[in-house]
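So the chains spell out like this:
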Amino acid sequence: MQLDTSALSNILTQEEIDALLLPEEQKTETNPLNLLKNAQPAKKYPELEKKIDAFGRALIGTLHHLTQIENISVQTQSFIFGQLGAYLDTLPNPSMLGFYQVSDWRQSVLTVLDFNLAYCLLDATLGGRRGTSAMSLDSRNYTPIEKNILKNILISFSEDFSKSFEQKFKFETMDVNPKTALIASPACEIVICRLEVCLEKRKGILDFVLPLHLLSYIDSSDNVSVIDEYTENLATALCKVPLQLKAVLDKKEIPFKDILKWKVGDLLPLTYFEDKPLELSCQNQCVFKGALEVNKKNISVKIEKKMFEAR
């Protein structure tokens, strides 16, 4: 028996048909989009959200300069957490991919423009359709001229990224094949910052993708709290470290031949004077100077001078 899908093709997309025919146990395990949707962030990253919002505001000015369109808006749509390989599997081929190197992070990051945004930017840059509804786009290859125009647009994003993240973003290259977009291992945890870009009546999606471990460089508020906690714990631990202080009353140089003559009960005379400062040392390093005091049967040292500088 053959299933005739010609009647369904006008209602369902090929992906929806494939999803219906896929065994139930495979839908949740192998569907890359489900892997992304089910991935939950361990915590929120307010500093990342702040910098993405700043990038969105800067992007409005850049797009206005490139397209001369007055009514432009950029909204942060969502933050998606998942694995790099699963995300790349959701991208069509070709896709418009821009790669940027961040020297301080020693890592590349990725920007992805969907077809609607890419062709909207092409139309506006070339003086074509404006203020009309989105076209029905097929996944056709970009022409060399289109690639060159989009490459220049991606390069122009570098300055916006650099200002927003306070890091030097250097454009590396552009590609259209998602299989080549491995900025890290496929199993690497990533965060996808998804922005909705609206140019008059036409909308598109811009994804900014970076490995999750880079958030330790971005979220300065978290870094400050971690440093403060570490400093506090270190100070507490240092206060509990036992130190041995040694008080030296006098020093004498005696020939070794005389020491060999000593017997049990012999006395070693010391020449200590009350006005002579007494040194308290730790690990052979003088830390205090003071005066010897005798109170009944107790002997003590009165600290008079500190020999180190507290930091």
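Refer to the structure presented above.
Let us look at the structure shown here. (Residues numbered from 1 in each chain as written. Predicted model: local features only at pLDDT ≥ 70, side-chain atom pairs only at ≥ 80, totals over all residues. Heavy atoms only, no water.)

**As for the pattern of salt bridges**
Inference 1: Counting across every chain of the model gives four salt bridges.
Inference 2: E159 is paired through a salt bridge with K163; the nearest N and O atoms lie 3.2 Å apart. Note that E159 and K163 are positioned in helix 7 (residues 144-165) at a spacing of four residues, about one turn of the helix.
Inference 3: Between R194 and D207 there is a salt bridge, with the nearest N and O atoms lying 2.8 Å from each other. In this pair, R194 sits in strand 5 (residues 189-199) while D207 sits in strand 6 (residues 202-211), placing the two residues 13 residues apart along the sequence. (Salt bridge = Lys/Arg side-chain N within 4 Å of Asp/Glu carboxyl O. Helix = DSSP H or I, 4+ residues; strand = E, 2+ residues; numbered from the N terminus.)

**Quick notes on a nonpolar patch on the surface**
Inference 1: On the surface, a cluster of nonpolar side chains totalling about 720 Å² of accessible area is made up of L249, F256, I259, L260, W262, L268 and L270.
Inference 2: If you trace the backbone, W262 turns up in the loop between helix 10 (256-259) and strand 8 (278-282). (Patch = residues over 30% accessible without salt bridge, like charges linked within 9 Å, V, L, I, M, F, W, Y side chains within 5 Å. Areas by Shrake-Rupley, 256 points an atom, 1.4 Å probe, with all protein chains shown as cover.)

**Observations concerning the sheet that holds strand 8**
Inference 1: Strand order across the open sheet formed by four strands is 7-8-9-10, with antiparallel pairing between neighbours. Edge strands, defined here as strands with exactly one partner in the open sheet, are strand 7 (246-248) and strand 10 (298-306). With strand direction ignored, the average angle separating the axes of adjacent strands in the sheet is 40°.
Inference 2: Pairing of strand 8 with strand 9 (residues 285-295) involves five bridges; the strand directions are antiparallel. When the sheet's bridge partners are listed, L280 is paired in strand 9 with F288. (Pairing = 2+ DSSP bridges. Axes fitted to C-alpha atoms, helices over the stretch in contact; angles between N-to-C directions.)

**Concerning the packing of helix 4 (residues 46-67) against helix 6 (residues 115-125)**
Inference 1: Direction vectors running N to C along helix 4 and helix 6 enclose 45°, while the axes themselves pass 8 Å from each other. Classified by the angle between their axes, helix 4 and helix 6 sit oblique to one another. Residue-level inspection shows L63, L66 and T67 of helix 4 in contact with helix 6, the latter providing L121, A124 and T125.
Inference 2: Within the contact of helix 4 with helix 6, the residues separate by chemical class into four nonpolar, two polar and no charged. (Parallel < 35°, antiparallel > 145°, perpendicular 65-115°, else oblique. Contact = heavy atoms within 4.5 Å. Nonpolar A, V, L, I, M, F, W, Y, C, P; charged D, E, K, R; others polar.)

**Considerations on the pairing of strand 8**
Inference 1: For strand 8, a buried count of four out of five residues is recorded, marking the element as mostly surrounded by other parts of the structure.
Inference 2: Sheet topology places strand 7 next to strand 8; three bridges connect them, and they run antiparallel. Across the sheet, the residue bridging to V248 is E279, located in strand 8.
Inference 3: Counted between consecutive antiparallel strands, the loop separating strand 8 from strand 9 contains two residues, among which Q283 sits at a positive phi close to 55°. (Buried < 20%, exposed > 50% of the residue type's maximum accessible area, 1.4 Å probe, protein only.)

**Regarding the pairing of strand 3 (residues 107-113)**
Inference 1: In terms of residue burial, strand 3 counts as a mostly covered element, since seven of its seven residues are buried.
Inference 2: Neither face of strand 3 is left uncovered, since the one carrying Q107, V109, T111 and L113 and the one carrying S108, L110 and V112 both have all their residues buried.
Inference 3: Inspection of the sheet shows strand 2 (residues 96-102) paired to strand 3 by seven bridges, in the antiparallel sense. Pairing of F99 across the sheet is with L110, part of strand 3.
Inference 4: What sits between strand 2 and strand 3 in their antiparallel hairpin is a turn of four residues, with R106 showing a positive phi close to 55°.

**Points about the side chain of S158**
Inference 1: Summarising the element assignment, S158 is placed in helix 7.
Inference 2: By relative accessible area, S158 is classed as buried at 9%.
Inference 3: Excluding residues that lie within four positions of it along the chain, S158 makes contacts with Y100, F169 and F171.

**Examining the environment of A58**
Inference 1: By the element assignment, A58 lies in helix 4.
Inference 2: The spatial distance from the C-alpha of A58 to the C-alpha of K163 is 8.4 Å, given a sequence separation of 105 residues.
Inference 3: Not counting residues within four places of it along the chain, the set of residues in contact with A58 comprises D160 and S164.

**Let's talk about helix 7**
Inference 1: Here helix 7 spans 31 Å end to end across 22 residues, near enough to the 32 Å set by a 1.5 Å rise per residue.
Inference 2: For helix 7, the complete set of buried residues consists of E146, I149, L150, I153, L154, F157, S158, D160, F161, S162, S164 and F165.
Inference 3: Remark: E166 follows helix 7 within two positions and exhibits a positive phi of approximately 55°. (Expected span 1.5 Å × (residues − 1).)

**What to know about the packing of aromatic side chains**
Inference 1: In this structure the tally under the stated criterion is 15 aromatic pairs.
Inference 2: Taking the centre distance of 5.9 Å and the plane angle of 20° together, the rings of F115 and Y142 count as stacked. Taken together, the positions of F115 in helix 6 and Y142 in the loop between helix 6 and helix 7 put the pair 27 residues apart, joining distant regions of the chain. Per residue, the accessibility class of F115 equals that of Y142, and both read buried.
Inference 3: Counting every residue linked through ring pairs, the aromatic cluster contains F55, Y100, W105, F161, F165, F169, F171 and F208. (Phe/Tyr/Trp six-rings, centres within 6.5 Å; stacked < 30°, edge-to-face > 60°.)

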